[in-house]
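Observations on the three-dimensional arrangement
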Amino acid sequence: MSRWRVLVNHEEQYGLWPAGHPDPGGWRPVGFEGTEEECVSHVDRVWTDLRPASLRRATAGRAGS
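Residues numbered from 1 in each chain as written. Predicted model: local features only at pLDDT ≥ 70, side-chain atom pairs only at ≥ 80, totals over all residues. Heavy atoms only, no water.

A word on the overall build of the protein chain
Filter applied, for reference: Numbering of helices and strands runs from the N terminus, with a helix taken as a DSSP run of H or I at least four residues long and a strand as a DSSP run of E at least two residues long. Computation of the radius of gyration draws on C-alpha atoms alone. For the globule rule, the value is 2.2 Å times the number of residues to the power 0.38.
For the protein chain, the count of helices and strands is two helices and three strands. Counting helices and strands in the order they occur from the N terminus, the protein chain gives β-β-β-α-α. A compact globule built from 65 residues should have a C-alpha radius of gyration of about 11 Å, whereas the protein chain, at 14 Å, is more than 25% larger. Its C-alpha atoms put the protein chain at 50 × 25 × 15 Å along the principal axes.

Written out as structure tokens, the structure reads:
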């Protein structure tokens, strides 16, 4: 059974990466590792707004105007 890690990028977008492999550029681990199914479930729980962070910030600023 292969192990996976959950990673996040600067836009707070999530992805899975094989455990034991160097992180791809621009991504950092969030501290969760498991089977692919476990990692997908974790991402489903924590990544509830799929918009990139820059878009969320821009629309939040317009909402406050």
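Overview of the pairing of strand 1 (residues 4-9)
What counts here: Whether a residue is buried, partly exposed or exposed follows from its accessible area with a 1.4 Å probe, protein chains only, as a fraction of its type maximum: under 20%, in between, or over 50%, in that order. Strands are labelled as partners when DSSP assigns at least two bridges between them.
When you tally the buried positions in strand 1, you get five out of six residues, the bulk of the element. Bridge count between strand 1 and strand 2 (residues 14-18): five bridges; the pairing is antiparallel. Bridging from a neighbouring strand, Val 8 pairs with Tyr 14 of strand 2. Here strand 1 folds back onto strand 2 in antiparallel fashion, the turn holding four residues, of which Glu 12 has a positive phi close to 60°. Note: strand 1 against strand 3 (residues 27-34), five bridges, orientation antiparallel. Considered in strand 3, the bridge of Val 8 is made with Arg 28.

Focus: the packing of aromatic side chains
Keep this limit in mind: Aromatic rings from Phe, Tyr and Trp, taking only the six-membered ring of Trp, are treated as a pair when their centres fall within 6.5 Å; an angle between ring planes under 30 degrees marks them as stacked, one over 60 as edge-to-face, and anything in between as tilted.
Under the criterion given, the structure shown has one aromatic pair. Both rings, one in Tyr 14 and one in Trp 47, keep their centres 5.7 Å apart while their planes meet at 45°; by these two values the pair is tilted. Here Trp 47 lies in the loop between helix 1 (36-46) and helix 2 (53-63) and Tyr 14 lies in strand 2, a separation of 33 residues in the sequence. Taking the relative accessible area as the measure of exposure, Tyr 14 reaches 24% and is therefore partly exposed.

Comments concerning the pattern of salt bridges
Put simply, the test is: The term salt bridge refers to a pairing of a side-chain nitrogen on Lys or Arg with a carboxyl oxygen on Asp or Glu at a separation within 4 Å.
Summed over the entire model, instances satisfying the criterion amount to four salt bridges. For Arg 3, the salt bridge goes to Glu 33, with nearest N and O atoms at 3.8 Å. Within this pair, whereas Arg 3 is found in the segment before strand 1, its partner Glu 33 is found in strand 3, the two being separated by 30 residues in sequence. In this structure, Asp 23 and Arg 5 form a salt bridge, with 2.5 Å as the shortest nitrogen-oxygen distance.

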